[in-house]
Amino acid sequence: MNTLHHSSNTPFVLTIASTKGGSSKSTNAANIGGFCAEHDLKTLLIDTDTQPTLSSYYALSYSAPGGIYQLLLDKNTNPETIISKTVIPNLDLIQSNDPSNNISQMLRNAPDGALRFSSMLKQIKGYDVIIVDTRGTRDITVDMSVLAADILFCPILPHILSAKEFIRGTIGMYQDLSTFSDFGFKLPPLKAIANCVDHTNDVKFVLSQLHTLFQNEFTDDKQLATFTIPYRVAYREAATYSVPVYRHSPTEYNTIKELCLLLLPQFKDYFERNFEV
Ligand SMILES: Nc1ncnc2c1ncn2[C@@H]1O[C@H](COP(=O)(O)OP(=O)(O)OP(=O)(O)O)[C@@H](O)[C@H]1O
Ligand SMILES: [Mg+2]
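All residue numbers refer to position in the chain's written sequence, counted from 1. Think of it this way: whatever chain is written first is A, whatever ligand is written first is 1, and the rest follow in order. Given that this is a predicted model, residues contribute local features only at a pLDDT of at least 70 and side-chain atom pairs are listed and counted only at 80 or more, while totals for whole chains, interfaces and linings are drawn from all residues. Working from all heavy atoms in the structure, the side-chain values ignore hydrogens and water.

## Regarding the packing of aromatic side chains
Classification of ring pairs uses Phe, Tyr and Trp, with its six-membered ring standing for Trp, and accepts pairs whose centres are within 6.5 Å; under 30 degrees between planes counts as stacked, over 60 as edge-to-face, and the remaining range as tilted. Applying the stated criterion to the full structure yields 11 aromatic pairs. Relative to Phe-214, the ring of Phe-166 has its centre 6.2 Å away and its plane inclined at 20 degrees; by these criteria the two rings are stacked. Of this pair, Phe-166 sits in helix 6 (residues 160–177) while Phe-214 is found in helix 7 (residues 201–217), placing the two residues 48 residues apart along the sequence. Using a relative accessible area of 1% as the deciding quantity, one classes Phe-166 as buried. Of the aromatic side chains, those joined through ring pairs into one cluster are Phe-35, Tyr-246, Tyr-253, Phe-271 and Phe-275. The helix count covers DSSP runs of H or I at least four residues long, the strand count covers runs of E at least two residues long, and both are numbered beginning at the N terminus. Partly exposed describes any residue whose relative accessible area lies between the buried limit of under 20% and the exposed limit of over 50%, with all areas from a 1.4 Å probe on protein chains only and scaled to the type maximum.

## Section: the sheet that holds strand 6 (residues 129–133)
Backbone hydrogen bonds are what pair the strands of a sheet, in a parallel or an antiparallel way. Strands pair, by our definition, only if DSSP identifies at least two bridges between them. One open sheet accounts for nine strands, arranged 3-4-5-2-6-1-7-8-9; its pairing is mixed. Unpaired on one side and paired on the other, strand 3 (60–62) and strand 9 (222–224) mark the two borders of the sheet. With direction set aside, neighbouring strand axes in the sheet form an average angle of 25 degrees. Taken together, the three bridges between strand 1 (residues 12–16) and strand 7 (residues 151–156) define a ladder with parallel strand orientation. Across the sheet, Thr-15 pairs through a bridge with Leu-152, a residue of strand 7. Note on definitions: angles span 0 to 180 degrees between N-to-C directions of axes, and those axes are lines fitted to C-alpha atoms, for helices only across the stretch in contact.

## Details of the nonpolar core
Nonpolar cores were defined as sets of buried Ala, Val, Leu, Ile, Met, Phe, Trp, Tyr and Cys residues, with membership established by side-chain atoms within 4.5 Å. Ranked by size, the top nonpolar core spans 43 residues in total, and within it Ile-46, Ile-94 and Phe-117 carry the most contacts. Note on definitions: a residue-residue contact is assigned when non-hydrogen atoms from the two residues lie within 4.5 Å. The residues touching Ile-46, leaving out its near neighbours within four places in the chain, are Leu-54, Ile-68, Ile-94, Phe-117, Leu-121, Ile-130, Ile-131, Val-132 and Asp-133. Among the nonpolar cores identified, the runner-up in size contains 38 residues, and Leu-14, Ala-37, Ile-151 and Cys-260 belong to it.

## Things to note about the site of ligand 1
One heavy atom within 4 Å of a molecule or strand makes the whole residue count as near it. Every one of the 16 residues lining ligand 1 counts as a neighbour, but Gly-22, Lys-25, Ser-26, Thr-27 and Pro-230 are closest to it. At 3.0 Å, a backbone N or O of Ser-24 approaches an oxygen atom of ligand 1. Any pair of nitrogen or oxygen atoms within 3.5 Å is treated as a polar contact; in protein, a donor-acceptor pairing is required on top of that, and neighbouring residues in sequence qualify only through side-chain atoms on both sides. Between ligand 1 and the protein, one listed contact pairs an oxygen atom with a side-chain N or O atom of Asp-49 at 3.5 Å. Here the open area of atoms and residues is found with the Shrake-Rupley method and a 1.4 Å probe, where only the protein chains shown may cover a residue. In isolation ligand 1 has 640 Å² of accessible area, and contact with the protein removes 80% of it. Mapped onto the shell around ligand 1, the elements with two or more residues apiece are helix 1 (25–38) and helix 8 (233–240). Counting residues per element, the shell around ligand 1 draws most heavily on helix 1, which supplies three residues. Residue composition of the shell around ligand 1, by class: five nonpolar, seven polar and four charged. Ten residues, namely Ala, Val, Leu, Ile, Met, Phe, Trp, Tyr, Cys and Pro, are considered nonpolar, four, namely Asp, Glu, Lys and Arg, are considered charged, and the remaining ones, Gly among them, are considered polar.

## A look at the UniProt feature "domain: AAA" (unreviewed entry) in the protein chain
Residues annotated in UniProt with the feature "domain: AAA" (unreviewed entry) correspond here to residues 13–162. For the annotated span residues 13–162, helix accounts for 29% and strand for 20% of the residues, and the straight-line distance between the end C-alpha atoms is 26 Å. UniProt positions are given in the numbering used here, feature names are shortened, and annotations may be inferred rather than shown by experiment.

## As for helix 1
What a helix is expected to span follows from its residue count: subtract one and scale by 1.5 Å. Here helix 1 contains 14 residues, and its C-alpha end-to-end distance of 20 Å stays within 8% of the 20 Å for a straight helix at 1.5 Å per residue. Of all 14 residues in helix 1, 12 are buried; the element is thus mostly enclosed. Within the sequence span of helix 1, burial applies to Lys-25, Ser-26, Asn-28, Ala-29, Ala-30, Asn-31, Ile-32, Gly-33, Gly-34, Phe-35, Cys-36 and Ala-37.

## A word on unusual backbone geometry
Residue Ser-24 is not a glycine yet carries a positive backbone phi of 70 degrees. A relative accessible area of 14% means that Ser-24 is categorised as buried. For Asp-40, which is not glycine, the phi dihedral falls at a positive 75 degrees. Considering the arrangement of structural elements, one finds Asp-40 in the loop between helix 1 and strand 2 (43–47).

## Concerning the pattern of salt bridges
Should a side-chain nitrogen of Lys or Arg be within 4 Å of a carboxyl oxygen of Asp or Glu, the pair is scored as a salt bridge. Taken as a whole, this structure holds 13 salt bridges when the rule is applied. Here Arg-232 and Glu-252 are joined by a salt bridge, their closest N and O atoms 3.0 Å apart. Of this pair, Arg-232 sits in the loop between strand 9 and helix 8 while Glu-252 is found in the loop between helix 9 (245–248) and helix 10 (253–263), placing the two residues 20 residues apart along the sequence.

## Quick look at the pairing of strand 5 (residues 91–94)
Of the two faces of strand 5, the one carrying Leu-91 and Leu-93 and the one carrying Asp-92 and Ile-94 are both buried. Looking at chain direction, strand 2 and strand 5 are connected through four bridges and run parallel. Looking at strand 5, one finds that Leu-45 is bridged to Leu-93. In the sheet, strand 4 (residues 84–86) pairs with strand 5 via two bridges, with the strands oriented antiparallel. Paired with Lys-85 across the strands is Asp-92, a residue of strand 5.

Structural data, given as structure tokens:
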């Protein structure tokens, strides 16, 4: 039974973005979403990637006829026709249903382009947390997802070429979007977290370089966590079985809990409750 109250207020929006493909955005979205939902938070996943990895991670108990396309482009849409339900209680999903990438083109031609998503999200009620997954390249759908966020989580792979792409692409995008602050938009704080971390010297070296860079060159709105997510085959296997990673491999429970505490500290009381895996 749910004893803590559910917020009927505006949901907190966590966007996961990195212009580097394959940096475990969708994996994190699925695991954070599962963790929040299983700790009694009403959680909505939104898949904005044209390749619907997140949409197909969990099995659905109800598949809505519509998805992200209707949310952004159909003015008369209503939630029942676009919000699907996963088999995990409390975990809903707006599926990606734009394989031909029409959304990006339409948004680029719309006067409210990158801002429409933000105003559409404000109309979605009844959730504590919304988790937005994005595609691994620079695109207006990534811009809109960053502008709609309360916090921006950037997973980084600790390899030199990925780190360079992170600085050029993801930090570049974030700086470019700061022009929106002239129009009253506040950019979300950026939290970078290294993923797929192993014990090799190469990874240690890249991480120490990244920490130095964040400390010396970046302002406080951009932070690199000392917490890291390890490289484990369990993450791939969990996706195969369509379950959160801590259900497949209970040793990962504390990793996902720490990740959620870092990104969503306001829900600490939910995350600290007894939980059996
Ligand atoms: N911590 C981890 N350890 C090992 N493998 C992982 C880990 N996290 C994710 N992976 C694997 O890395 C691959 C890429 O992950 P994922 O699809 O989440 O990346 P993405 O950033 O969403 O990619 P894209 O940019 O294509 O959307 C997947 O096979 C996933 O299972
Ligand atoms: Mg993905």
